[in-house]
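So the chains spell out like this:
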Amino acid sequence: MKRKLLAALLAGTMVLSMAACGNNDSGTSSPANESSSAEGSSGSSSAENSSEAETPDSDEVIEVTMMVATKSGQGDWNDYWLMDKIEETCGIRFKVDQIIKDAWSEKESLAFATNDLPMVFLNDLTDTELATYGAQGLLLPLEDYISKETMPNLYAAMENDNVDLLAGMTFPDGHIYSLRGYTANPREMAKNRWFINKTWMERLGIEKMPETLDEFYDYLVAVRDGDPNQNGDTTDEIPLGGSYKEEDSFYYSAFIPILAGFGFLGDPSGADYQVDDNGKVFYIPAHENYKEFLKYMHKLYSEKLLDQEYFTQTAEQRKAKQAEDKYGAFTDYASWMNISDINVSIQFRGLEPFTSEFNSEKMWPSKDMQFNGGLVITNKVTDEAVIKKLIAMADWFYSEEGTYTIVRGVPKGEFTANPEYGWWLGETDRFGTVKVENEWDREKYEKVGQWRDAEVTPGNSYFPMGQTLALTSTTIYKEEDYVLIEDEAVTNNSRLTTDIMANLYDYLKVGWPGTVKFTQEENDEISLIETDLRNYKETMESKMINGDLDIDATWDEYIKGLNDRKLDRYVELLQTAYDRWASSK
């Protein structure tokens, strides 16, 4: 059913306008199928009636201060080609205060505590912070500035992709405090990705992909004992890799595919709760079957089938093991994310979710909406013309031109320092895919992504954009297409799409809708309880898995510890928020 729905959506999708900021004319051309994926409220009458008097497309350039959390490898945002493009197209020049990610929490809290705020934030405010600071009047409600007249590209995207983005952005008080971008790429709905070394399977004589937790256990034992890397050492392979606590750890958690085999759709680094098919919220780590999950993970750990450094290793250690081809199976955003050698990364394939004696339904944790970026305007902006100009800029990012500006960076011919640098559309390969070609400063940067991060654009996670179905590819490739001849090889991006669409898409299931919003009072209480619950749960489960505590002997004490930390109240608050969300549908 999902494939039929996807096909219908793709067939009916039109491309958004390639207009400058403030231009309300819409175009309807269709792009070629490309190997690189573009990887409601109608607003108040006052906002609509004033649309003709708006100034977003005026020649005047305004300066806007911005505060943003940056990643390693990024250059000075103030020198990005993207900032020049925004100034040229939208009449806005950003003055950016870059904060290293590790220092973000402290700097951001201090800015709000002292009211020393920038005019805008990008993306790095949580829903809790948006609700809290919005209620305090420090962030501007944006819903009155959002209409078909002021944001035609946004509305075209929502209509074409059949997505209610405004509902997903609206808080219980009725306000929108962050204008979010989104992707309609169906593969991005999978909250985690799961890969197994198919080459090792073949060397070990395993003819079919594991379908149950028992079969997966047999594969891990074969990896441990069978020397599948064929170097004569049976001790240097690690059957199952991953890490326990790491930034964005839901991509690297070995728990998630095992949890799915027990019927759980939680995120160990985030939502440890789930809504059952009857709309009842439950806390996953307190479920009776979670005890069986812990026993399974203990068996893997005690038999050296799970990385023995799983609970302690750093991201760098995990990435190094992937790059060195140590793992027989692992989770990550993509199989090639930390493996530069295509001869190694192409050994890995996606696989379908497991079932078990405790769960007969194949399922995989899914998002209900994938947000990309977010524009937050603070109370430091008091000029209506400036607000409208920022809104028009955001709408431009929902256009095809604006989205490609974020995802691909600078087109060839527009990079002033060297017009030969940038992207262009190349030839069509034998799969009917038009390849996106790139040229960059190869003397300074090994990969095009490094050049983009340093000099062109910060990536997909900051400015809102409309990564619509029309700008994505969902082609599923056959096994014989996985060839290593450069001109014929399935691209990394296309392999990832195939891994997800062929193996996980039909089994995607939302355990907890990410668009559920909490009131400020709910947030305050939930945060306090959740911190206590999580700290206790993580301490106890790690000890039960590594064998410091006997699971059966400890289980009742563990459940009592959760209840003593107000588990019942925690679930009650979650249920209230979920019921409010469900009643609005």
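Residues numbered from 1 in each chain as written. Predicted model: local features only at pLDDT ≥ 70, side-chain atom pairs only at ≥ 80, totals over all residues. Heavy atoms only, no water.

Side note on helix α4 (residues 104-113)
Owing to its 3.6 residues per turn, the α-helix aligns residues three or four sequence positions apart on the same side. Quick reminder of the rule: For the exposure calls, accessible area comes from a 1.4 Å probe over protein chains only, and a residue counts as buried if that area is under 20% of its type's maximum, exposed if over 50%, partly exposed in between. Starting at the N terminus, helices and strands are each numbered in turn, a helix being any DSSP run of H or I of at least four residues and a strand any DSSP run of E of at least two. The directions from the helix axis to the C-beta atoms form the arc being described. In what follows, a contact means two residues having at least one pair of non-hydrogen atoms within 4.5 Å.
Within α4 the residues assigned to the buried category are Trp104, Glu108, Ala111 and Phe112. Considered in projection along α4, the buried side chains sweep an arc of 95 degrees and stay on one side of the axis. In this structure, α4 carries Glu106 and Ala113 as exposed residues pointing more than 90 degrees from its buried face. Considering only its buried residues, α4 is in contact with β1 (62-70), β2 (92-100), β3 (120-122) and α5 (127-135). Count one or two residues on from α4 and you reach Asn115, which has phi positive near 60 degrees.

Observations regarding the side chain of Glu538
Here Glu538 is to be found in helix α18 (residues 520-546). A residue is classified by how much of its surface remains accessible, and Glu538, at 11% relative accessible area, is buried.

Here's the deal with helix α15 (residues 400-407)
Extensive coverage of α15 is indicated by the burial of seven of its eight residues. Within α15 the residues assigned to the buried category are Glu400, Gly402, Thr403, Tyr404, Thr405, Ile406 and Val407. Looking at the packing, one finds that the buried side of α15 touches α3 (81-90), α14 (384-397), α16 (448-456) and β15 (466-467). Phi turns positive one or two residues past the end of α15, at Gly409, with a value near 90 degrees.

A short note on the packing of helix α11 (residues 288-302) against helix α19 (residues 551-564)
Heads up, the condition is: Angles run from 0 to 180 degrees between N-to-C directions of axes, and those axes are lines fitted to C-alpha atoms, restricted for helices to the stretch in contact. The scheme is simple: roughly parallel for angles under 35 degrees, roughly antiparallel for over 145, roughly perpendicular for 65 to 115, oblique for anything else. The handedness criterion is simple: a crossing whose near helix is rotated anticlockwise from the far helix by less than a right angle is left-handed, and one whose near helix is rotated clockwise is right-handed. In this count, Pro and Cys sit with the nonpolar residues alongside Ala, Val, Leu, Ile, Met, Phe, Trp and Tyr, while Asp, Glu, Lys and Arg are called charged and the others, Gly among them, polar.
Following both chains from N to C, one finds α11 and α19 inclined at 140 degrees, their axes separated by 11 Å at the closest point. As judged from the angle between their axes, α11 and α19 are oblique. When the axes of α11 and α19 are compared, the crossing they make is right-handed. Residue-level contacts link Glu288, Tyr290, Lys291, Leu294, Lys295 and His298 of α11 to Ile551, Asp552, Trp555 and Tyr558 of α19. When its residues are assigned to classes, the contact of α11 with α19 shows five nonpolar, one polar and four charged.

What to know about the sheet that holds strand β10 (residues 348-350)
Formally: DSSP calls a pair of strands paired once it identifies at least 2 bridges connecting them.
With mixed pairing, the four strands of this open sheet are ordered in space as β6-β9-β5-β10. Each edge of the open sheet carries a strand with a single partner, namely β6 (238-240) and β10. With strand direction ignored, the average angle separating the axes of adjacent strands in the sheet is 30 degrees. Inspection of the sheet shows strand β5 (residues 194-197) paired to β10 by three bridges, in the antiparallel sense. The partner of Phe195 across the bridge, within β10, is Gly350.

Considerations on the pattern of salt bridges
What counts here: One side-chain nitrogen of Lys or Arg within 4 Å of one carboxyl oxygen of Asp or Glu is enough to make a salt bridge.
What the rule picks out here adds up to 30 salt bridges. Connected via shared salt-bridge partners are Glu288, Lys291, Glu292, Lys295 and Asp552.

Focus: the environment of Ile176
If you trace the backbone, Ile176 turns up in the loop between α7 (165-169) and β4 (179-183). With 33 residues separating them along the chain, Ile176 and Glu143 place their C-alpha atoms 5.5 Å apart. With sequence-adjacent residues up to four places away left out, Ile176 is seen in contact with Leu140, Pro141, Leu142, Glu143, Ile146, Leu166, Met169 and Thr170.

Quick look at the sheet that holds β15
Taken together, the six strands give an open sheet; going across it, the order is β2-β1-β3-β12-β4-β15, and neighbouring strands pair in mixed fashion. Of all the strands in the sheet, the pair left with one neighbour each is β2 and β15. With nine bridges connecting them, β1 and β2 associate as parallel partners. Within the sheet, the bridge partner assigned to Met67 lies in β2 and is Asp97. In the packing of α4 onto the sheet, contacts are made with β1, β2 and β3, and the angle to β1 comes to roughly 140 degrees.

What to know about the packing of aromatic side chains
Rules: A pair of Phe, Tyr and Trp rings is counted when the ring centres sit within 6.5 Å of each other, with Trp represented by its six-membered ring. The angle between the planes then sorts it: under 30 degrees is stacked, over 60 is edge-to-face, the rest tilted. A ring has a charge above it when a Lys NZ or an Arg CZ is no more than 6 Å from the ring centre and no more than 35 degrees off the ring normal.
For the structure shown, the criterion picks out 40 aromatic pairs. An aromatic cluster of at least three residues, connected via ring pairs, comprises Tyr244, Phe255, Phe262, Phe264, Phe282, Tyr290, Phe293, Tyr296, Tyr301, Tyr310, Phe311 and Phe358. Its end group placed over the ring of Trp440, Arg442 keeps NZ or CZ at 3.9 Å from the ring centre.

Considerations on unusual backbone geometry
Of note in this structure, Gln230 is not a glycine but carries a positive phi near 60 degrees. Position of Gln230 among the secondary structure elements: in the loop between α9 (213-226) and β6. Residue Lys566 is not a glycine yet carries a positive backbone phi of 65 degrees. Mapped onto the fold, Lys566 is located in the loop between α19 and α20 (567-583).

A word on the side chain of Ser366
Relative to the elements of secondary structure, Ser366 occurs in strand β11 (residues 364-366). Every residue in contact with Ser366, bar those within four places of it in the chain, is listed here: Met189, Lys191, Leu508, Lys509, Val510 and Gly511.

Re the environment of Glu63
Of note, Glu63 is situated in strand β1. Once residues lying within four places of it in the same chain are set aside, the contact partners of Glu63 are Arg93, Lys95 and Met119.

Re the packing of α5 against α18
Contact geometry of α5 with α18 gives a least axis separation of 9 Å together with a crossing angle of 135 degrees. In terms of their interaxial angle, α5 and α18 are classed as oblique. As α5 packs across α18, the resulting crossing turns out to be left-handed. Across the interface between the two elements, Asp127, Thr128, Ala131, Thr132 and Ala135 from α5 touch Gln520, Asn523 and Ser527 from α18. Here the residues of the contact of α5 with α18 sort into two nonpolar, five polar and one charged.

Some thoughts on the confidence of the model for the protein
Our working rule: Every residue carries a pLDDT, the predictor's confidence in it, which falls somewhere between 0 and 100.
Of all residues in the protein, 87% attain a pLDDT of 70 or more, and the chain-wide mean is 86. Every residue in residues 24-57 is under pLDDT 50, and counting partners more than four places away or in other chains gives 95 contacts.

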